[in-house]
Amino acid sequence: MGRTAQNAVRDGTLAGGTGPVVVGILNVTPDSFSDGGDFLDPEAAAEHAATMLDEGAGILDLGGESTRPGSDPVSQEEELRRVIPVIERVLTVRQEAVISVDTYRAGTAAAAIEAGARIINDVTALRSDPRMASVVKEAACPVILMHMKGEPKTMQSEPHYEDVVREVRDFLARRAEYAVSAGIGPENVIVDPGIGFGKNLEHNLTLLRNLDAIVDLGFPVLIGASRKTFIGRITGVQEARERAFGTVATTVLAYERGATFFRVHDVRANREALAVAEAVLDTLRR
Ligand code: HH2
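Keep in mind that what you see is a predicted model, and the values were worked out from it rather than measured. (Residues numbered from 1 in each chain as written. Predicted model: local features only at pLDDT ≥ 70, side-chain atom pairs only at ≥ 80, totals over all residues. Heavy atoms only, no water.)

Remarks on unusual backbone geometry
What counts is decided by this rule: Secondary structure elements are taken from DSSP: a helix is a run of H or I of four residues or more, a strand is a run of E of two residues or more, and numbering for both begins at the N terminus.
Of note in the backbone geometry, Glu158 takes a positive phi value of approximately 50° without being a glycine. One can find Glu158 in the loop between strand S5 (143-146) and helix H5 (164-181). With a phi close to 60°, Arg227 is a non-glycine residue in the positive phi region. Within the element layout of this structure, Arg227 appears in the loop between strand S7 (222-223) and helix H8 (229-235).

Focus on the pattern of salt bridges
Quick reminder of the rule: For salt bridges, the criterion is a side-chain nitrogen of Lys or Arg within 4 Å of an Asp or Glu carboxyl oxygen.
For the structure on display, the rule yields 18 salt bridges. As a salt-bridge pair, Arg241 and Asp38 come within 2.9 Å of each other at their nearest N and O atoms. With Arg241 in the loop between H8 and helix H9 (244-256) and Asp38 in the loop between strand S1 (21-27) and helix H1 (42-54), the pair connects residues that are 203 residues apart, well separated along the chain. Look at the salt bridges and you will find they share partners, linking Asp54, Arg94 and Glu96 into a network.

Here's the deal with the packing of aromatic side chains
What counts here: The rule is short: rings of Phe, Tyr and Trp, with Trp giving its six-membered ring, pair when the centres are within 6.5 Å, and they are stacked under 30 degrees, edge-to-face over 60, tilted in between. To sit over a ring, a charge needs its Lys NZ or Arg CZ within 6 Å of the ring centre and within 35 degrees of the ring normal.
In total, this model carries one aromatic pair according to the counting rule given. We note Lys149 situated over the ring of Tyr161; from NZ or CZ to the ring centre the distance is 4.5 Å.

Overview of the site of the ligand
Applied cut-off: Near residues are defined by distance, with any heavy atom within 4 Å of the molecule or strand qualifying the residue. Each polar contact in these results corresponds to two N or O atoms within 3.5 Å; when the atoms are within protein, one needs to be able to donate a hydrogen and the other to accept it, and residues that are neighboring in sequence are counted only if both atoms are side-chain atoms. For the area figures, the Shrake-Rupley method with a 1.4 Å probe applies, and any residue is considered shielded solely by the protein chains shown.
Around the ligand sit 18 residues in total, of which Ser32, Ser66, Asp192, Lys228 and Arg263 are the nearest. Ser66 has a polar side-chain atom sitting 2.6 Å from an oxygen atom of the ligand. Out of a free accessible area of 480 Å², the ligand has 99% covered by protein chains.

Re the packing of H5 against helix H6 (residues 201-209)
In plain terms, the rule: Here, axes are lines fitted to C-alpha atoms. For helices the fit covers the stretch in contact, and angles between N-to-C directions go from 0 to 180 degrees. Any angle that falls under 35 degrees is termed roughly parallel, while one over 145 is termed roughly antiparallel, one within 65 to 115 roughly perpendicular, and all others oblique. Left-handed describes a crossing whose near helix is turned anticlockwise from the far helix by less than a right angle; the clockwise case is right-handed. Two residues qualify as a contact provided that any one of their heavy atoms is within 4.5 Å of a heavy atom in the partner residue.
Interaxial distance between H5 and H6 falls to 9 Å at its minimum, and their mutual angle equals 70°. Judged by the inter-axis angle, H5 sits roughly perpendicular to H6. Here the hand of the crossing between H5 and H6 comes out right-handed. On H6, the residues that touch Val164, Val165 and Val168 of H5 are His203, Thr206 and Leu207.

Have a look at this one:
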């Protein structure tokens, strides 16, 4: 697929605008690393969703299971119990909301789509559940394919790569090829290098620095660096909620290198930074 291909995912119209898209994180979990327990109640979740939309989120990414390093999986029943009422509540309050669901289970994805979700964010890139590709194909919806080395329980214990950029790029190319061979439209594929998923500080920085190698695959790129540990390591900010400033640096640099989607907790800070970056770069891209 050429870099110039136009579609609703690539040009941002899926998210109600054009240009870079802020994906607001809505974790309906008791144990997420930076906002665990804040939005378990559908009412509180819907309120936070509305705030993020008002602040400029084009998409809301809703997750019912934490994938932070060391986390344990939950059952599908529990995941559904957390996620579905929130989708319903958010769409009651804001019919226009574009909701993505962060799940690697086909059953959860199907139920979420039925409830009104429009994007699937699979951090295992269609590797966990053999039925996931057909659920996405049937729904003809966009899917985010993320790179992860290992699994959340153990992925941060000394991850090793010969060449992190090449390995992540080749992995994403293979997973995109698999998705397309399973009948998913290439225009619905979004790729994500998986910042912090089986990567140490140097790996994360190398990937961000060389993001153009991932962008060159020809698919829209999503970056999820928000409040992650490596930002705390660099800035010395221990409290994850306080890492918005460092996160903004990753957003701007990734945007400059060609990423389109920015999965973040702090919507306003990232939206405003992107608006300024966009205005500056626009003079180059015209
Ligand atoms: N990061 C997290 C979860 N889902 N999905 C994509 N596509 N890319 C990411 O980088 C990504 C993701 C982890 O962050 P968070 O949701 O804040 O934490 P937790 O997994 O603890 O809920």
